[in-house]
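An overview of the molecular structure
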Amino acid sequence: MLPSLGCHAHRFACVYRAGKSVTFDADSTILKYMNILVIGGAGYIGSHVARELLDRGHRVTVFDNLSSGLRENLFQEAAFVHGDMIRYEQLVQSMNGMDGAVYLAAFKAVGESMVKPEKYSVNNIVGAVNLLNAASETGLKYIIFSSSAAVYGEPAYLPIDEKHPTNPENYYGFTKLEIEKFLSWYDRLRGIRCASLRYFNAAGYDVKGRIKGLEQNPANLIPIIMETACGTRGGLQIFGGDYDTPDGTCIRDYIHVSDLAAAHALALDYISANGKSITVNLGSEKGSSVREVLETARRVTGKPIPAAVSDRRPGDPAKLTASAALARELLGWEAKHSGLETLIKTSWDAYNQA
Ligand code: UDP
């Protein structure tokens, strides 16, 4: 019997191996629908990626230790393994039969990484080494890795393209850069193809409103503004009002999580079709200041959102914006939902309903 997902018989030929289906494009040997392990798939970005892969017909298994991921972010159509990638055997077991993995299960609080490097070494770096060794052992072919603009450090020029020197200023960014290097060696030595996606500032919620789980103890600007709008936080601290920017507050490139999710699926298509690894920036190419974000949020939510300027946060560059030209060229990707209004509106829809 044909599985309900993945086999559109008029366009694709299905081959069955060891009880599971593998679907090829009728005109080529490209795997169109794959078995994908989404590691960290119950988290904020991971749940959006899992949703996107399911929407495109892939068979998804979410692997998550639920340390920050949420059960309410799981989808019925996806299998779920409550597992921890620090436990190598558990990972190997879950990777058997997978074509690819998306690796999102990492700690991401920049400030915390500077005071608890050990935690970031184990979870981020040991986790990545386990993933790569398990990929070698199980024959997994493709990895999509959530990297970060934090690999660049203080910008030498703007917008930042992928040729910009990498000089992370925090331990979190260091872990991401080191993992990129591991991936590139395993590409060379083991033929595992990888896409390292360097996210700028991920924000927003599913444009169709399907993701309900809110991040616990968020440290990023937009969720903090949302919690303030909801009244669960007293106010926003604006970290520095004397930067060399038009309104004195820092400028960042906010990219909608639905746009990010689409890029993961496109990157999987690209590395499988072309048999080569890539490293690309994902940003909207637009800069918004903290004050602009705040004013938009006040307008969209209709809430006063108290805010006061405090000291600068150490290590914050005044301005960061991406060049996403390479993602456009290689993946045909474009940020479609990353206007400030949409970023705030979709976030408010999620927070307001919770
Ligand atoms: N920011 C702020 N108050 C906060 C959190 C963040 O003013 O409570 C500012 C921060 O200084 C930066 C921008 O908002 O300029 C985005 O910060 P976030 O931590 O969301 O992401 P980052 O740019 O550090 O990756």
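Residues numbered from 1 in each chain as written. Predicted model: local features only at pLDDT ≥ 70, side-chain atom pairs only at ≥ 80, totals over all residues. Heavy atoms only, no water.

Once that is clear, we can look at unusual backbone geometry. The residue after Leu 158, namely Pro 159, is reached through a cis peptide bond having omega -10 degrees. Even without glycine at this site, Ile 305 takes up a positive phi of about 45 degrees. Assignment of secondary structure puts Ile 305 in the loop between helix H8 (290-301) and strand E16 (307-310). (Helix = DSSP H or I, 4+ residues; strand = E, 2+ residues; numbered from the N terminus.)

Two numbers describe how helix H6 (residues 221-230) lies on H8: the axes approach to 11 Å, and their chain directions differ by 35 degrees. For the pair H6 and H8, the crossing hand works out as right-handed. Across from Leu 221, Ile 222, Ile 225, Met 226 and Ala 229 in H6, the residues of H8 making contact are Val 290, Val 293, Leu 294, Ala 297 and Thr 301. Within the contact of H6 with H8, the residues separate by chemical class into 9 nonpolar, 1 polar and no charged. (Axes fitted to C-alpha atoms, helices over the stretch in contact; angles between N-to-C directions. Left-handed = near helix turned anticlockwise from the far one by under 90°. Contact = heavy atoms within 4.5 Å. Nonpolar A, V, L, I, M, F, W, Y, C, P; charged D, E, K, R; others polar.)

Attention now goes to the pattern of salt bridges. Within this structure, the stated rule accounts for 20 salt bridges. One salt bridge connects Arg 210 with Asp 55, and the closest N-O pair in it is separated by 3.0 Å. Of this pair, Arg 210 sits in the loop between strand E10 (201-203) and H6 while Asp 55 is found in helix H1 (residues 44-55), placing the two residues 155 residues apart along the sequence. Overall, the relative accessible area of 39% leaves Asp 55 in the partly exposed class. Of the charged contacts in the structure, one is a salt bridge between Glu 227 and Arg 233, with a shortest N-O distance of 2.8 Å. (Salt bridge = Lys/Arg side-chain N within 4 Å of Asp/Glu carboxyl O. Buried < 20%, exposed > 50% of the residue type's maximum accessible area, 1.4 Å probe, protein only.)

Bringing the site of the ligand into the picture now. Around the ligand, 15 residues are found, and the nearest of them are Leu 221, Gln 237, Arg 252, Arg 313 and Asp 316. Leu 221 has a polar backbone atom sitting 2.8 Å from an oxygen atom of the ligand. Phe 239 is positioned with one of its backbone polar atoms (N or O) 2.9 Å from an oxygen atom of the ligand. Expressed as a share of its isolated accessible area of 510 Å², the protein-covered part of the ligand is 88%. (Near = heavy atom within 4 Å. Polar contact = N/O pair within 3.5 Å; in protein donor to acceptor, adjacent residues only side chain to side chain. Areas by Shrake-Rupley, 256 points an atom, 1.4 Å probe, with all protein chains shown as cover.)

Let's shift gears to the packing of aromatic side chains. What the rule picks out here adds up to 5 aromatic pairs. Taking the centre distance of 5.2 Å and the plane angle of 50 degrees together, the rings of Tyr 44 and Tyr 205 count as tilted. Taken as a pair, Tyr 44 in helix H1 and Tyr 205 in the loop between E10 and H6 lie far apart in primary sequence, 161 residues in all. The two residues Tyr 44 and Tyr 205 agree in class, both being buried. (Phe/Tyr/Trp six-rings, centres within 6.5 Å; stacked < 30°, edge-to-face > 60°.)

In this section: the environment of Tyr 205. The buried category is assigned to Tyr 205, whose relative accessible area is 4%. Spatially, the C-alpha atom of Tyr 205 lies 12 Å from that of Asn 73, the residues being 132 residues apart in sequence.

Here the focus is a nonpolar patch on the surface. A cluster of nonpolar side chains, contributed by Ile 86, Val 122 and Val 126, occupies part of the molecular surface with about 200 Å² of accessible area. Within the secondary structure layout, Val 122 lies in helix H4 (residues 117-138). For Val 122, a relative accessible area of 41% translates into the label partly exposed. (Patch = residues over 30% accessible without salt bridge, like charges linked within 9 Å, V, L, I, M, F, W, Y side chains within 5 Å.)

A separate point is empty space enclosed by the protein. All told, the structure shown has 1 cavity of 30 Å³ or more when counted by the stated rule. Of the pockets and cavities examined, the largest cavity occupies roughly 50 Å³. In terms of lining residues, the largest cavity is bounded by Tyr 44, Ala 202, Ala 203, Gly 204, Tyr 205, Glu 215, Ile 222, Pro 223, Ser 347 and Tyr 351. Those elements that provide at least two residues to the lining of the largest cavity are E10, H6 and helix H10 (340-353). The class makeup of the residues in the lining of the largest cavity is 7 nonpolar, 2 polar and 1 charged. (1 Å grid on protein atoms, 1.4 Å probe; cavity = no way out; pocket = protein on both sides within 12 Å on 5 of 7 lines; lining within 4 Å. Points joined across faces, edges and corners; volume = space filled by probe spheres on them.)

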